[in-house]
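Tertiary structure, described
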Amino acid sequence: MADQLLPDRLDEVIDALVARGDASAALRDPELAPLARVAADLRHYPNRDFTTRLRARLERRSPMTTSTLAPGVREGFTAVTPYVWVPDRGLADFLIRTFDAVETRVADNPGHGVHRELRIGDSMVMIGESGLTDAPARPVAFHVFVDDADATFARAIAAGGTSLGEPEDRHYGERTGFVADPYGNHWYIATALGPQSLGHALRTVTPYLHALDVDGYMKFLTRAFGAVEETRAEQPGGVIPYARMRFGDAAVEFGTHPPMPGAYFLYVADPDAVYEQALAAGAKPLSPPAERAPGLRMGFVEDPLGNHWYIARPRSLEGGASR
């Protein structure tokens, strides 16, 4: 037995324990004796229900790989697609005037408002119109790459936006101007400068999430959704002015600013498993996964910063049309 590799010897011990409850040979092996004692003791304790619960907990604690994430199933959709809530169609008009956005879908859901989908370049933005002028605002931030930042910035101001910073050449390789739309959403309007610019690595529109503790928030996203860090810039004192993570085929950017809690669709293959993973990581449950429409299974959680995540399985994975 001692001539075999340790994993093979351990396999034989486990087989003997399962079949006969006999670990005597292993107890004479100095390498295997400690493991054999533990295995022999554990053999008498857990029942099937206990081991099932233990396995589920251990799996939830392990970061989920990006293979768990499902890509967006239609052109422009990715694993993370922003969902912006506003009271009326004014935001859609702003995006059409500013970015030449194309409205690709409108669905009127009685009692739930209007759902819109708009394409900006190669990216999609979804809008929910509640019809309630006193509903709490949930503005978010976006990094948008365009051919001419100055011209687009001017259109944004003409469409009702407010300047947060005039277009300038930035040290990080882009010319960028900053605008708040009439609903408080921030649009970081950029044109790539040079081959090293982020504009060559990102889609037209990328969500830009704000946090005061960017490192801690990114660690939460890794535990909750299996997000993978791609890059970060760190200043003395631990301040992170810029970072980026990957959720499957989607990029999300981060900066150290007061949070702007918004809402995001997270397309996954198994919304039930990801929902449980998010709760184990510290997310607040809002609604467990359920069939929200034919073929669309979705659950809702709130992260520690107040962002809402709509954890959904695309309808195409069920053979139907996707939302």
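Rules and cut-offs
- Residues numbered from 1 in each chain as written.
- Predicted model: local features only at pLDDT ≥ 70, side-chain atom pairs only at ≥ 80, totals over all residues.
- Heavy atoms only, no water.
- Helix = DSSP H or I, 4+ residues; strand = E, 2+ residues; numbered from the N terminus.
- Buried < 20%, exposed > 50% of the residue type's maximum accessible area, 1.4 Å probe, protein only.
- Contact = heavy atoms within 4.5 Å.
- Areas by Shrake-Rupley, 256 points an atom, 1.4 Å probe, with all protein chains shown as cover.
- Phe/Tyr/Trp six-rings, centres within 6.5 Å; stacked < 30°, edge-to-face > 60°.
- Pairing = 2+ DSSP bridges.
- Axes fitted to C-alpha atoms, helices over the stretch in contact; angles between N-to-C directions.
- Left-handed = near helix turned anticlockwise from the far one by under 90°.
- Nonpolar A, V, L, I, M, F, W, Y, C, P; charged D, E, K, R; others polar.
- Polar contact = N/O pair within 3.5 Å; in protein donor to acceptor, adjacent residues only side chain to side chain.
- Salt bridge = Lys/Arg side-chain N within 4 Å of Asp/Glu carboxyl O.
- Core = buried A, V, L, I, M, F, W, Y, C linked by side-chain atoms within 4.5 Å.

This paragraph deals with the overall build of the protein. From N to C terminus, the protein includes eight helices and 16 strands. Here the protein, with 323 residues, has 45% of them falling under the buried criterion. Restricting the contact set of the protein to residue pairs at least 6 apart, pairs at least 24 apart contribute 59%. Accessible surface, the protein as shown: approximately 15900 Å² in total, 54% of it carbon and sulfur.

The next thing to look at is unusual backbone geometry. Non-glycine residue D100 carries a positive phi angle of around 55°. Locating D100 in the fold gives a position in the loop between helix 5 (90–99) and strand 2 (102–109).

In the structure shown here, the tally under the stated rule is 18 aromatic pairs. Taking 4.3 Å as the distance between ring centres and 15° as the angle between the ring planes, the aromatic pair formed by F142 and W187 counts as stacked. Of this pair, F142 sits in strand 5 (residues 141–145) while W187 sits in strand 8 (residues 186–192), and the two are 45 residues apart along the sequence. Take F142 and W187: they sit in the same class, and that class is buried.

Structurally, V106 can be placed in strand 2. Through-space distance from the C-alpha of V106 to that of L118 is 9.2 Å; in sequence the pair is 12 residues apart. When neighbours within four sequence positions are excluded, V106 is seen to be in contact with V114, H115 and R116.

Let's shift gears to the sheet that holds strand 7 (residues 174–180). Strand order in this open sheet of eight strands is 6-7-8-5-9-12-11-10, and the pairing throughout is mixed. Two strands bound the open sheet, and with one partner strand each, they are strand 6 (162–170) and strand 10 (228–233). Adjacent strand axes in the sheet meet at a mean angle of 20°, parallel and antiparallel pairs treated alike. Sitting on the sheet, helix 5 touches strand 5, strand 7 and strand 8, and the angle it makes with strand 8 is about 15°. Across the sheet, helix 6 (residues 149–158) is in contact with strand 6, strand 7 and strand 8; its angle to strand 6 comes to roughly 175°.

Judged by pairing direction, the sheet is mixed, and its eight strands sit side by side in the order 2-3-4-1-13-16-15-14 without closing on themselves. Across the chains shown, the open sheet's two edge strands, defined by having one partner strand only, are strand 2 and strand 14 (284–293). Averaged over all pairs of adjacent strands, the angle between their axes in this sheet comes to 20°, without regard to strand direction. In terms of strand pairing, strand 14 meets strand 15 (residues 296–302) through six bridges, oriented antiparallel.

Running from N to C, helix 5 and helix 6 point in directions that differ by 150°, and their axes come no closer than 8 Å. For helix 5 against helix 6, the interelement crossing comes out right-handed. Contacts between helix 5 and helix 6 involve F94, R97, T98 and F99 from the first element and T152, R155, A156 and A158 from the second. Across the contact of helix 5 with helix 6, the residue classes break down as four nonpolar, two polar and two charged.

Let's shift gears to the side chain of E174. Structurally, the position occupied by E174 is in strand 7. Among the polar contacts listed, one links the side chain of E174 to the side chain of T176, at a separation of 2.7 Å. Beyond its immediate chain neighbours, meaning those up to four positions away, E174 contacts H143, F145, E168, D169, A190, T191, A192, L193, S197 and L198.

Time to look at the pattern of salt bridges. Two side chains bearing opposite charge may form a pair once their charged atoms approach each other closely. Tallied over the entire structure, the rule returns 17 salt bridges. With a closest N to O distance of 2.7 Å, R297 and D272 form a salt bridge. Here the residue R297 occupies a position in strand 15, and D272 occupies one in helix 8 (residues 271–281), the gap between them amounting to 25 residues. For D272, a relative accessible area of 31% corresponds to the partly exposed category. A salt bridge links R313 to E291, with the shortest nitrogen-to-oxygen separation between them at 3.6 Å. In this pair, R313 sits in strand 16 (residues 308–313) while E291 sits in strand 14, placing the two residues 22 residues apart along the sequence. Among the ionic contacts, a cluster of salt bridges with common partners joins R89, D93, E103, R116 and E129.

L95, L221, F225, F247, F254 and W309 are the most contacted members of the largest nonpolar core, which totals 54 residues. Among the nonpolar cores identified, the runner-up in size contains 13 residues, and F265, L296, M298 and Y310 belong to it.

Now for the pairing of strand 3 (residues 113–120). Along strand 3, seven of the eight residues are buried, which leaves the element largely enclosed by surrounding structure. With seven bridges connecting them, strand 2 and strand 3 associate as antiparallel partners. Note that in strand 3 the partner of E103 across the bridge is L118. Pairing of strand 3 with strand 4 (residues 123–129) involves seven bridges; the strand directions are antiparallel. The partner of R119 across the bridge, within strand 4, is M124. Taking the residues between adjacent antiparallel strands as the criterion, strand 3 and strand 4 are bridged by two residues, where G121 takes a positive phi near 60°.

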